[in-house]
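Per-entry structural report
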Amino acid sequence: MELVCPAGSLPALRVAVDSGADAVYMGFKDDTNARHFAGLNFNDRKARQALDYAIDRKVKVFVAINTYAQPKGWKRWQEAVDRAYDLGVNALIVADMGVLEYTCNKYPDLALHLSVQGSATNHEALKFYHQNFGIRRAVLPRVLSLAQVKLAAEKSPVDLEVFGFGSLCIMAEGRCYLSSYVTDESPNTCGACSPAKAVRWEETDLGRESRLNDVLIDRYQEGENAGYPTLCKGRFKVDDHVYNALEEPTSLNTIRLIPELSAAGIKAIKLEGRQRSPAYVEQIVRVWREALDTYAVERDNFTPRGEWLDSLSKVSEGTQTTLGAYSRPWQ
Amino acid sequence: MAIEHLGYLVEQLNKFGDSKPVKISVGPILYYWPKQQVLDFYQQMLEAPVDIIYLGEAVCSKRHELRTDEWIELAAELNKSGKQVVLSTLALIEARSELSGLQKVCDNNDGLLVEANDMAAVQMLSEQKLPFVCGHSINIYNAHTLRILQQQGMQRWVMPVELNRETLGNILSDAGEMGFADQIETEVFSYGKLPLAYSARCFTARMRNLPKDDCRYSCIDYPDGVAMQTQEDEKLFTLNGIQTMSGSCYDLIPQVPEMVDMGVNVVRVSPQSDGTEKIIEQFREVIDSGKSETSLIARQHCNGYWFGQSGMDQVLDTAV
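Because the structure is a prediction, the values reported are computed rather than measured.

Broken down by element type, chain A carries 11 helices and 15 strands. Taking 20 Å as the expected radius of gyration for a compact globule of 331 residues, we find that chain A reaches 19 Å, a close match to that expectation. With the principal axes as the frame, chain A shows a C-alpha extent of 60 × 55 × 40 Å. A buried classification covers 64% of the 331 residues belonging to chain A. Pairs at least 24 apart in sequence give 62% of the contacts found in chain A among residues at least 6 apart. Carbon together with sulfur atoms contributes 45% to the accessible area of chain A, which is approximately 12,300 Å² in total.

You'll often see interface size given as the accessible area lost when the parts meet. Contacts between the two partners involve 69 residues from chain A, matched on the other side by 74 residues from chain B. Taken together, the two surfaces of chain A and chain B that pack against each other cover about 5,900 Å², and 55% of this comes from carbon and sulfur. In terms of surface lost to chain B, no three residues of chain A exceed R175, Y177 and Y181 of chain A, which account for 16% of the buried area on that side. Along the contact surface separating chain A from chain B lie seven salt bridges.

Residues and elements named next belong to chain B. Taking 1.5 Å per residue as the helical rise, helix α10 (residues 276-289) with its 14 residues ought to reach 20 Å, and the 20 Å between its terminal C-alpha atoms agrees with that figure. Of the positions making up α10, those classed as buried are T276, I279, I280, F283, R284, V286 and I287. Along the axis of α10, the buried residues cluster in a sector spanning 165 degrees; they form a single face. For α10, exposure combined with an orientation more than 90 degrees from the buried face picks out K278, E285 and D288. Those residues of α10 that are buried lie in contact with β1 (23-26), α2 (35-47), β7 (185-198), α9 (256-262) and β11 (266-269). Just beyond α10, the residue with positive phi is G290, at close to 75 degrees.

It is worth spelling out empty space enclosed by the protein at this point. What the rule picks out here adds up to seven cavities of 30 Å³ or more. Reported here for the largest cavity is a volume of approximately 110 Å³. G118 and Y129 of chain A together with M119, S137 and N139 of chain B are the residues nearest the centre of the largest cavity, which is lined by 15 residues in total. In terms of residue class, the lining of the largest cavity is made up of eight nonpolar, four polar and three charged.

The nonpolar side chains of a soluble globular protein tend to be buried with one another. Of all hydrophobic cores here, the largest spans 216 residues; its most connected members are Y42 and W157 of chain B. For this core, the element with the most residues is helix α10 (residues 278-297) of chain A, which contributes nine residues. Counting only domains with at least three residues in this core, you end up with domain 1 (2-168 + 250-330) and domain 2 (178-243) of chain A. Excluding anything up to four places from it in sequence, W157 of chain B contacts C134, I140, L146, L168, I171, L172, I184, E185, T186 and E187 of chain B. In terms of nonpolar packing, the next biggest core, distinct from the first, is built from nine residues, A23, Y25, A64 and A91 of chain A among them.

Turning to the packing of aromatic side chains, a few remarks are in order. A complete count under the given rule lists 13 aromatic pairs over all chains for this structure. Where Y191 of chain B meets F283 of chain B, the ring centres are 6.3 Å apart and the plane angle is 90 degrees; that geometry is what we call edge-to-face. Separated by 92 residues along the polypeptide, Y191 of chain B in strand β7 and F283 of chain B in helix α10 bring together distant segments of the chain. Classification of Y191 of chain B by relative accessible area gives buried; the value is 4%. What makes F283 of chain B buried here is its relative accessible area of 0%. Among the aromatic residues, ring-to-ring pairing joins F128, Y129 and F133 of chain A into one connected group. Here the basic side chain of R208 of chain A rests over the ring of W201 of chain A, its NZ or CZ set 4.8 Å away from the ring centre. Lying across the ring of Y54 of chain B, R268 of chain B places its NZ or CZ 4.1 Å from the centre.

Let's shift gears to the domain arrangement of chain A. Residues and elements named next belong to chain A. Examined at the domain level, chain A breaks down into domain 1 (2-168 + 250-330) and domain 2 (178-243). Placing the centre of domain 1 and that of domain 2 at their C-alpha centroids yields a distance of 27 Å. For the pairing of domain 1 and domain 2, the buried interface totals around 790 Å² over both sides, and the portion due to carbon and sulfur atoms is 40%. Considering only the side of domain 1, the residues that lose the most area to domain 2 are Y68, Q70 and Q117, jointly responsible for 34% of the buried surface there. Our count for the domain 1 to domain 2 interface comes out at zero salt bridges. Where domain 1 meets domain 2, there are six residue pairs in polar contact (both at pLDDT 80 or more). Across the side of domain 1 that touches domain 2, the residue classes tally to four nonpolar, seven polar and three charged.

A few words now on the environment of K155 of chain A. Checked against the element boundaries, K155 of chain A lands in helix α6 (residues 146-155). On the basis of relative accessible area, K155 of chain A is assigned to the partly exposed category, the value being 42%. For K155 of chain A and R142 of chain A, which are 13 residues apart along the polypeptide, the C-alpha to C-alpha distance reads 18 Å. Sequence-distant contacts of K155 of chain A, that is, excluding residues within four places in its chain, are made with H123 of chain A together with R96 of chain B.

Tallying each qualifying case throughout the model produces 46 salt bridges over all chains. Salt-bridge contacts for E298 of chain A lead to R305 of chain A; the nearest nitrogen and oxygen are separated by 3.1 Å.

Taken together, the side chains of R14, K29, R45, K46 and R57 of chain A define a basic patch exposed on the protein surface. Note that K29 of chain A resides in the loop between β2 (23-26) and α2 (44-56).

Rules used in this analysis
- Residues numbered from 1 in each chain as written.
- Chains lettered and ligands numbered in written order.
- Predicted model: local features only at pLDDT ≥ 70, side-chain atom pairs only at ≥ 80, totals over all residues.
- Heavy atoms only, no water.
- Helix = DSSP H or I, 4+ residues; strand = E, 2+ residues; numbered from the N terminus.
- Rg over C-alpha atoms; globule rule 2.2 N^0.38 Å.
- Buried < 20%, exposed > 50% of the residue type's maximum accessible area, 1.4 Å probe, protein only.
- Contact = heavy atoms within 4.5 Å.
- Areas by Shrake-Rupley, 256 points an atom, 1.4 Å probe, with all protein chains shown as cover.
- Buried area = accessible area lost by both parts, 1.4 Å probe.
- Salt bridge = Lys/Arg side-chain N within 4 Å of Asp/Glu carboxyl O.
- Expected span 1.5 Å × (residues − 1).
- Arc of directions from axis to C-beta.
- 1 Å grid on protein atoms, 1.4 Å probe; cavity = no way out; pocket = protein on both sides within 12 Å on 5 of 7 lines; lining within 4 Å.
- Points joined across faces, edges and corners; volume = space filled by probe spheres on them.
- Nonpolar A, V, L, I, M, F, W, Y, C, P; charged D, E, K, R; others polar.
- Core = buried A, V, L, I, M, F, W, Y, C linked by side-chain atoms within 4.5 Å.
- Domains from an automatic or database assignment.
- Phe/Tyr/Trp six-rings, centres within 6.5 Å; stacked < 30°, edge-to-face > 60°.
- Lys NZ or Arg CZ within 6 Å of the ring centre and 35° of its normal.
- Polar contact = N/O pair within 3.5 Å; in protein donor to acceptor, adjacent residues only side chain to side chain.
- Patch = residues over 30% accessible without salt bridge, like charges linked within 9 Å, V, L, I, M, F, W, Y side chains within 5 Å.
- Lys, Arg positive; Asp, Glu negative; His and termini not counted.
- Charge placed at Lys NZ, Arg CZ, Asp CG, Glu CD.

The structure is reproduced here in structure tokens:
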């Protein structure tokens, strides 16, 4: 399986390449990609350097243009596609049907991957994107169980990529508006979820409070680990109980499932984290490289090593990991 | 002959006089209600001044008070009323059984129109060259996407709920320039708790500490979903099984005249357990009179999305 690694910046791209990525994915410095954060992503000059660095080392480069183009910004999405083509990237990761159509008409040779934001969770949806836009690969949303991943893989007309590690969306990607309901920016429209501009921290008598556009997301007592106030990971009140009503702050880790994913015919593993530091990227890429290489030689008796799990846990949200939709309580 | 012809003309004129500039639809019931409550609701809807009835399970395939066949039967029955009946489908399709249920709805023998809420449905319907409606969970954010789907057989689209009036206006004017605006109808989710997200996880089962595969159909105890508040008791979201909805009710009644001016063809009311007919009557009044005197602020509802703000905001529309 190909290891697809996050590159939010040139330093992160370099360490991903050096630590064993088969491919890296990146975005431009605007709202055409789903990690539209300040200080992140690539302008033309940096993108050129990134391409040169990766290509010299035989690592593929994918560019994510995976938000939804709105009429006022349509040109920006077109230009992003043109720019990526001119750079000579290996594939585009796209969600919007209009952008997919534009790309496949104008650059029929450019490989298209359906972004996880495209929200295709079954083979019929995959068929649509394949028939209409000739996509070659799709990234599956993190809502499927192993049986469902297997079903999709068995019948999919295109190669499939699944998430291996990183922050966990518990909602079907591309169809979650929780963020725009509270802050006016969503992954689909702006490439941002729970955007930093809306975050406020406050020390109060009741504890340390995190707010998003003034809405209280969580309140921490002394000694508690305070996490970024991502909407779906706060503690809320339901029926007079206060708990993580949607999800705990936790990271997805599917390293144990490498044999099953590989047997299902999954072609690539994606690591999340373009918004994370080069040190983080180095850590997770190195562990996953080692795990995949180990699996290649120990196919029949692969067990994840303790030190891999430890080092991944250390960099996880809330220092805990989950199998997410692959685990039973979700099914 | 001449008199007959005149009679025909009068009939047509009367029809024209009766025709409404904008239609009212009632969306699928997003909650899990007992079967009798569902049947009673649709009996009421036959009497209510709605033009289009969407029905079917759109949220969770585990819900079985009405099975797929029963939904189709009910739809076929309601279709005799003269109202347009549309079979609605699941928004999140993951399992084999969900795909086969979807296929059954798409293949319905009664020739009923289907609302696609996942691209799987778009694929199944377009493959059979059947016309369809795209629901609000199909990501249509620009006129290019709209045209692709129109070419596949889409007759009507429901705007994604997070989009605003300016984007809608731009999409429709682009569609005009691209020459297909008159071939589609535009529907806006105009009243009800907003469907905001779909998950593999069931939040209603989770609140009862039950695994999803043993949820004991908990949703049936919450005919309008479960309120989720902040620790400061601010209404934030509503849990509805695998779906997360807005805490406040979205309300565009005051904006109906504006929507009509923009070329919106259908306004959608999402069913709630009580008072849906009253809401529909309010829409009908505003549509018939062409003006709205309803004060949003008094209603404590939200409308921010329409104005390009946070969805939960309440914006006082000075134009009303």
